[in-house]
Each structure stands twice: as structure tokens, then as C-alpha cells.
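A closer look at the structure
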Amino acid sequence: MSELTPAAELMKLINGFWMTQAVYVAAKLGIAEQLAGGAKSAAELVEQISVSERPLHRLLRALASVGVFAERQDGRFELTPMANSLRADVPGSLKPMALMRGEWQYGAWSKLLHCITTGGSAFEKLFGQPMFDFLATDPQRGALFDAAMTSIHGRETQLLLDVYDFGAGNLVIDIGGGNGSLLSAILRKHSKLHGLLFDLPSVIERAKSNDALNDVRERLAFQSGSFFESVPANDGIFLMRHIIHDWNDEQSTTILKHCRSAMSVTSRLLIAEFVIPQGNEPFLGKWFDLAMLVGPGGQERTADEYSALLAASGLRMTRIVPTVSEISLVEAVRDDVET
């Protein structure tokens, strides 16, 4: 197969939203679940889902051409490894992400020009309120967000455990820890460690009902609050995964100053984020940087930007611990602590 011309490569990028919406519709209709028991034709599928047969066939045929589903000689469609990840009942399911990207996030990205011209949040422009306020008003929306974050960031968990010893202290506070998936994994690895999940009241209520936490519940405490007001005191580890990137420098400094106030001389602050490298090489964090601009109004940062942000908050960056993925751990201590 000949290589695509630069113009053809650009055309693939221009048409990218076609695939986003096609995958979203397949996820919304639950087609992957319908095919879990075996191949079916569009005519057979419409007996289970209320759609039009011919348009459904056309959707499946297009998705099959890029490896999502496969069309057999008899005209029936079957799961592929990619399509299997759209099933809600498989580990690491990407269905929540497909739904979130295809629904409200898709609309927000249509306002990217607003972000670039004004510096404001596209999400707030479209929906009239900040993203996290929007999520808090609807429990189902919030639960979808939690599940989507687990599906995309959950695979980072083991990589973080591989490169950092979280068991060196007695307590890990996961600030903005969502459904507790990361903190529970840390507690499973370190059997003598205790954890505190700290997040907004609506998020903590969802986390308390998360059955996936049952095996570590005896060592796990919950506390609700806002990191814009304060965070619980701790002599051990303060952990924030993909939290600081949600906020601009002023907001991030407020959060980090509250962490600084709650830290002792033995405390360590760990920020799990993309650290943007120099150069033109592909790096997922560069696209997440735009996603933060469009959504909550935050940003991804370089190593120098993290160092400056921490210094402005009374903290000192001690090191950046990379993983085998693009995620890293930025470690910091109080600025009056010698290391």
C-alpha cells in the first residue's frame, strides 16, 4: 500500500470527527454488547434495538473499515478486539469514554476557537457553567465521568506503583481521588498502609457506594471538602492524579498552598500528570493540554512550569519520576525542608 500524501494525511485529521461520532453512536446503542454472543446482521440487531436497518448497516460497515467490528461474507457483523473494548462489562471498558467524548465533550470542542481567541473555557461558553459544576448537578453524568476517567487513567495505576514506593509512610491522602480506584490499588499493594479519599461531597457519596473498594474499606477513610478551602493534615503522602491540570496557575497555586499548609516536614506531595517535553515529537499530553483548555480551563505543563508553580506555592520540586508511559510523578516537599 502506498504512503498517503501530506494532503491525504491532513484530510484524515480533518475528517476525524466522523469516527468520534460513529464510535459514540455504536456505544450509545450497545452494539458491542449485542454482538458479544456472536455475529449478527443489521436486520437481526434491529430486533433488539430500535433503529433503522439500512442506516445501521451503513454505520457498521464504515466502522468495520477501520477495525471496529468486522463484516463477514454472509453480511453479519462480529466483534473485533477494538470493538470488544466498547462492551460495558469488560475490564478497562472504553464505553464510558466514548459516551462522554461523543456527548457533551464533543459539543465543547466545537467551541475551541472561542478558547483560542478569548482564553476562556469552551465548556463554560456552551453550557453556561464550569465543567465540574455541570457534573455535580447530575449524578448519572458524574458517574459517567468517574467511569471514563478510570477507563483512560486506570491503566496508569500499575505504572505508578512500579516506580514509586507509596508504602514508606503510614497514610496516603488522595486529593480529588474520585471513585477511589487509584488509592485502593495502592492500599492493596501495601497492606499496612491507610488511605484517606478527599473530594467534593457528591463525589464522596458516589465513592462510598463503590463496591470495588470493599476489600480495603477497613483501611480507607472518606472526607468531603474542597481543596480550594483546605486539605486534611498529613505527615505522609499527599497525592493528586490529574487534578492540577484542571486548573489555571492562580487556581493551582491556591490548591498547592493549602497542601503546603497541611504538610509536615516529613510529608511528600506527588502530582501525577503529563509533563510536556520540548520538541515536535508526538506526545499525548499536548492534546490533553487542549482538552484542559476546552473543558475546565486548565493546562498541562512543562517541568520548568511545574517547578515555578510549586515555588510560588511555598513548595520545592525534588524530582520528576517518569513511568514507561507518558505519565510522570512530580515530587515536592515544603520549601523549608532540606533533602
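One can find the structure itself at the top, above this paragraph.
These remarks concern the structure in this document.

About the criteria used
Residues numbered from 1 in each chain as written. Predicted model: local features only at pLDDT ≥ 70, side-chain atom pairs only at ≥ 80, totals over all residues. Heavy atoms only, no water. Helix = DSSP H or I, 4+ residues; strand = E, 2+ residues; numbered from the N terminus. Rg over C-alpha atoms; globule rule 2.2 N^0.38 Å. Buried < 20%, exposed > 50% of the residue type's maximum accessible area, 1.4 Å probe, protein only. Areas by Shrake-Rupley, 256 points an atom, 1.4 Å probe, with all protein chains shown as cover. Lys, Arg positive; Asp, Glu negative; His and termini not counted. Charge placed at Lys NZ, Arg CZ, Asp CG, Glu CD. Expected span 1.5 Å × (residues − 1). Arc of directions from axis to C-beta. Pairing = 2+ DSSP bridges. Right-handed = clockwise from strand over helix to strand, strands pointing away. Contact = heavy atoms within 4.5 Å. 1 Å grid on protein atoms, 1.4 Å probe; cavity = no way out; pocket = protein on both sides within 12 Å on 5 of 7 lines; lining within 4 Å. Points joined across faces, edges and corners; volume = space filled by probe spheres on them. Nonpolar A, V, L, I, M, F, W, Y, C, P; charged D, E, K, R; others polar. Core = buried A, V, L, I, M, F, W, Y, C linked by side-chain atoms within 4.5 Å.

1. Notes on the overall build of the protein chain
Looking only at helices and strands, the protein chain has 17 helices and 10 strands in total. Expected size for 339 residues packed as a compact globule is a radius of gyration near 20 Å; at 22 Å, the protein chain falls within 12% of this value. Along the first, second and third principal axes, the C-alpha atoms of the protein chain reach 70 × 45 × 40 Å. Classification of the 339 residues of the protein chain by burial places 45% in the buried group. Summed over its atoms, the accessible surface of the protein chain is roughly 17,000 Å², and 54% of this surface lies on carbon and sulfur atoms. If you average the places of the 31 positive and of the 40 negative side-chain charges in the protein chain, the two averages end up 3 Å apart.

2. What about helix α5 (residues 53-64)?
For an α-helix, the turn length of 3.6 residues means that residues three or four places apart are oriented alike. With 12 residues, α5 ought to run about 16 Å at 1.5 Å a step, and its terminal C-alpha atoms sit 16 Å apart, in line with that. Listed in full, the buried residues belonging to α5 are Leu56, His57, Leu59, Leu60 and Leu63. In a view along the axis of α5, the buried residues occupy a sector of 160 degrees, so they form one face of it.

3. Overview of the pairing of strand β6 (residues 237-241)
Counting buried positions over the five residues of β6 gives five, a clear majority of the element. Where burial is concerned, the two faces of β6 agree: the one with Ile237, Leu239 and Arg241 and the one with Phe238 and Met240 are both buried. When strand β3 (residues 171-175) meets β6, the two strands line up parallel, connected through three bridges. Paired with Val172 across the bridge in β6 is Ile237. Pairing analysis gives five bridges linking β6 to strand β7 (residues 268-276), with the strands arranged parallel. Bridge pairing in β7 links Leu239 to Leu270. Regarding the hand of the β-α-β motif, the stretch spanning β6, helix α15 (residues 249-262) and β7 is right-handed.

4. Considerations on the environment of Leu213
Along the chain, the position of Leu213 falls in the loop between α14 (201-208) and β5 (220-224). The class for Leu213 is buried, based on a relative accessible area of 1%. Between the alpha carbons of Leu213 and Ser184 there is a distance of 6.3 Å; along the sequence they are 29 residues apart. Ignoring anything within four residues of it in the chain, the contact list for Leu213 reads Asn179, Gly180, Ser184, Ala207, Leu220 and Phe222.

5. Quick look at unusual backbone geometry
Phi is positive for Phe69, close to 75 degrees, though the residue is something other than glycine. Note that Phe69 resides in the loop between α5 and β1 (70-71).

6. Thoughts on the layout of surface pockets
Here the largest pocket is characterised by a volume of approximately 1,500 Å³. For the lining of the largest pocket, the elements supplying multiple residues, two or more each, are α1 (6-14), α2 (16-29), α7 (95-109), α11 (139-153) and α16 (284-294). Take the lining of the largest pocket: its biggest share by element is six residues, from α7. In the lining of the largest pocket, the residues fall into 21 nonpolar, eight polar and five charged.

7. Here we look at the nonpolar core
Here is a general trend for soluble globular proteins: nonpolar side chains tend to be buried in one another's company. Counting residues in each nonpolar core, the largest one holds 36 residues, and the members touching the most others are Ile31, Leu56, Phe69 and Trp104. Per-element accounting of this core gives the leading share, six residues, to α7. Look past the residues within four positions of Ile31 in its chain and what remains in contact with it is Ala26, Leu45, Ile49, Leu56, Leu59, Leu60 and Phe69. If you look at the next biggest cluster of nonpolar residues, it comprises 25 residues, including Phe198, Leu256, Leu315 and Ala332.

8. Thoughts on α2
Taking 1.5 Å per residue, 14 residues should reach 20 Å; α2 reaches 21 Å between its end C-alpha atoms and fits that length. On its buried face, α2 is in contact with α3 (31-34), α5 and α7. Where α2 ends, the next residue or the one after it, Gly30, has phi of about 70 degrees, a positive value.

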